[in-house]
Amino acid sequence: MSEFYRDVKAGLLAPLKSLPSKYFYDKIGDHLFQRLMHSDEYYLSRCELSILKTQSGDMSKIVAGHFRELDLVELGAGDASKSVYLIRSLQEVGLDFNYYPIDISQNVINHLHKKFAETIPSLKIHGLNGDYLKMLGEQRSISRKPLLILFLGSNVGNMNRPQALDFCRQVNQFMQKGDLFLIGVDLKKNPHTILGAYNDQEGLTKAFNLNLLTRINMELGANFNIDKYMHFPLYDPVSGECRSYLVSTIDQIVSVGKKSEQFQVHFKAYEPIHMEVSKKYDISELNALAKDSGFKSTKHFFDNKKYFVDSLWQK
Ligand SMILES: C[S@@+](CC[C@H](N)C(=O)[O-])C[C@H]1O[C@@H](n2cnc3c(N)ncnc32)[C@H](O)[C@@H]1O
């Protein structure tokens, strides 16, 4: 029984149905996310890209002030289209480092090896395919040099506050005193701007969410009719949580799993599946998260609209 099957079964048979967002990223999901990053409404990637393009030099000088050599670990690296600016600039300030991208998608890891072999052949890269913390543990068994960990793209936003605290504390446990953590966080802003990023005109977020049902059909032998689910995002400006749901438009029964593993899921008309949370922070909440998880927040790098921040923390 695969972990994917177990997680899907637990999520769909719970009283409030949900699916873990880490399973969005198969080959089609990766591709849809790349397209979403370039959509007009998805400001997050544009803002963080502008931070990395213009401030990687300053970041690298700070890092070089602490270390001569290090392990650069990136949690949930994706296509590394933003971190590449920091990688180049760490090389320019003369730091000696190996790059360890970690990603749940094997497709992403294969792509990164190929891309960097062509674009920065001098980069020593060792991709690790799997879950963030498990792979961080594996990286620490390969090398124990000082660490700079990147966690960009508002990936931490896919956790609610207690989960984020628990996660950052666990990351902290892998680090030595003085090690650095650069965390990319989406900030609270006009609620319409936020909601728009999860409800783009082209329907990419909708397709990205529905693709997980297709993946379950393909990999777990389910029979979801994706035409009978609608995408419904909502944003709560108080908690800062943007939540995406797929809502069943009719009363229906879906079977999941092959032969002896098969189970049935009953959907009432308009019953939702919770797909993803994207939590937005303000700076005081973010500083509190750093402090409560054992870090000192040393510098915030903002884009010019202050929509997004890459925050540098030190253990
Ligand atoms: C929102 S994308 C961001 C990618 C990149 N950090 C960026 O800023 O462009 C999230 C990435 O994290 C990966 N990911 C999601 N959950 C993960 C998990 N639990 N463990 C490892 N990687 C994960 C996905 O495969 C995807 O490539």
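Please read all numbers here as calculations on a predicted model, not as lab measurements.

Q: Help me understand the layout of surface pockets in this model?
A: Any empty space left between atoms is shown by rolling a water-sized probe over those atoms. Here the second largest pocket defines a volume of roughly 260 Å³. The wall of the second largest pocket is formed by 16 residues, among which Glu 3, Tyr 23, Ile 104, Gly 130 and Asp 131 lie closest to the centre. Listed by contribution, the elements that provide at least two residues to the lining of the second largest pocket are helix 1 (3-13), helix 5 (106-119) and helix 6 (132-142).

Q: What should I look at first to understand the packing of aromatic side chains in this one?
A: Between two aromatic rings, the relevant description is the distance of the centres plus the angle of the planes. Inspection of the entire model under this criterion finds 20 aromatic pairs. Geometrically, the ring pair formed by Phe 181 and Phe 295 is tilted, given 5.4 Å between the ring centres and 35° between the ring planes. With Phe 181 in strand 6 (residues 180-186) and Phe 295 in the loop between helix 10 (283-292) and strand 12 (296-302), the pair connects residues that are 114 residues apart, well separated along the chain. Among the residues examined, Phe 181 registers a relative accessible area of 0% and is labelled buried. Seen from their ring centres, Phe 295 and Trp 313 are 5.5 Å apart, and the 45° between their planes marks the pair as tilted. Residue Phe 295 is found in the loop between helix 10 and strand 12, and its partner Trp 313 is found in strand 13 (residues 308-314); the two are separated by 18 residues along the sequence. Judged by relative accessible area, Phe 295 falls into the buried class, the value being 6%.

Q: Is there a simple way to think about the site of the ligand in this case?
A: As a structural note, the neighbourhood of the ligand is formed by 17 residues, with Gly 76, Lys 82, Asp 103, Asp 131 and Tyr 132 the closest of them. Between Gly 76 and the ligand, the recorded distance is 2.7 Å, taken from a backbone N or O atom to a nitrogen atom. In the environment of the ligand, an oxygen atom lies 3.4 Å from a nitrogen or oxygen atom belonging to the backbone of Gly 153. Protein contact buries 94% of the 590 Å² of open area that the ligand shows by itself. The residue makeup of the shell around the ligand, split by class, is seven nonpolar, five polar and five charged.

Q: Can you walk me through the nonpolar core in this structure?
A: The nonpolar side chains of soluble globular proteins are, as a tendency, buried together. Grouped together as the largest cluster of nonpolar side chains are 68 residues, with contacts concentrated most on Phe 116, Leu 148, Ile 216, Phe 224 and Val 256. Residues within four places of Phe 116 in sequence aside, it is in contact with Ala 80, Val 84, Ile 87, Tyr 99, Pro 121, Leu 123 and Ile 125. With 30 residues, the next largest nonpolar core counts Leu 136, Ile 149, Met 159 and Leu 165 among its residues.

Q: Whenever I open this one, the packing of helix 7 (residues 161-173) against helix 10 confuses me. Can you help?
A: Describing two packed helices takes the angle between their axes plus the distance from one axis to the other. For the pair helix 7 and helix 10, the least separation of the axes is 9 Å and the interaxial angle reads 40°. Considering the angle they form, helix 7 stands oblique to helix 10. The handedness of the crossing between helix 7 and helix 10 comes out as right-handed. The segment helix 7 lies against helix 10, with Arg 161, Ala 164, Leu 165, Cys 168 and Arg 169 engaging Glu 285, Ala 288, Leu 289 and Asp 292. Looking at side-chain class alone, the contact of helix 7 with helix 10 contains five nonpolar, no polar and four charged residues.

Q: Help me understand the side chain of Gln 55, please; the structure alone is not making it clear to me.
A: As for its position among the elements, Gln 55 is in helix 3 (residues 43-66). For Gln 55, the contacting residues outside a window of four places in its chain are Phe 301 and Phe 302.

Q: Looking at this model, I keep getting lost on the sheet that holds strand 8 (residues 241-248). Mind explaining?
A: Strands pair in a sheet through their backbones, by hydrogen bonds, and they do so in one of two ways: parallel or antiparallel. Judged by pairing direction, the sheet is antiparallel, and its three strands sit side by side in the order 7-8-11 without closing on themselves. With partners counted over all chains shown, the strands left at the sheet margins are strand 7 (229-236) and strand 11 (272-279), one partner each. Geometrically, the sheet is characterised by an average inter-axis angle of 20° between neighbouring strands, direction not taken into account. Sheet topology note: the strand 7/strand 8 ladder contains eight bridges and is antiparallel. Across the sheet, His 231 pairs through a bridge with Leu 246, a residue of strand 8.

Q: So what exactly am I meant to see when it comes to helix 3 here?
A: An α-helical turn contains 3.6 residues, so any two residues separated by three or four positions project in the same direction. The end-to-end C-alpha distance of helix 3 is 32 Å, a good match for the 34 Å that 24 residues give at a rise of 1.5 Å each. The largest bend along helix 3 reaches roughly 65° and is located at Gln 55.

Q: When you look at the UniProt feature "domain: Histidine-specific methyltransferase SAM-dependent" (unreviewed entry) in the protein in this model, what are you seeing that I'm missing?
A: The sites that UniProt annotates as "domain: Histidine-specific methyltransferase SAM-dependent" (unreviewed entry) are residues 5-314. Annotated as residues 5-314, this span is 41% helix and 25% strand, and its ends, taken at the C-alpha atoms, are 38 Å apart.

What counts, and where the lines are drawn
Residues numbered from 1 in each chain as written. Predicted model: local features only at pLDDT ≥ 70, side-chain atom pairs only at ≥ 80, totals over all residues. Heavy atoms only, no water. 1 Å grid on protein atoms, 1.4 Å probe; cavity = no way out; pocket = protein on both sides within 12 Å on 5 of 7 lines; lining within 4 Å. Points joined across faces, edges and corners; volume = space filled by probe spheres on them. Helix = DSSP H or I, 4+ residues; strand = E, 2+ residues; numbered from the N terminus. Phe/Tyr/Trp six-rings, centres within 6.5 Å; stacked < 30°, edge-to-face > 60°. Buried < 20%, exposed > 50% of the residue type's maximum accessible area, 1.4 Å probe, protein only. Near = heavy atom within 4 Å. Polar contact = N/O pair within 3.5 Å; in protein donor to acceptor, adjacent residues only side chain to side chain. Areas by Shrake-Rupley, 256 points an atom, 1.4 Å probe, with all protein chains shown as cover. Nonpolar A, V, L, I, M, F, W, Y, C, P; charged D, E, K, R; others polar. Core = buried A, V, L, I, M, F, W, Y, C linked by side-chain atoms within 4.5 Å. Contact = heavy atoms within 4.5 Å. Axes fitted to C-alpha atoms, helices over the stretch in contact; angles between N-to-C directions. Parallel < 35°, antiparallel > 145°, perpendicular 65-115°, else oblique. Left-handed = near helix turned anticlockwise from the far one by under 90°. Pairing = 2+ DSSP bridges. Expected span 1.5 Å × (residues − 1). Bend = angle between axes of the 7 residues up to and from the residue. UniProt positions renumbered as here; feature names shortened; annotations may be inferred.

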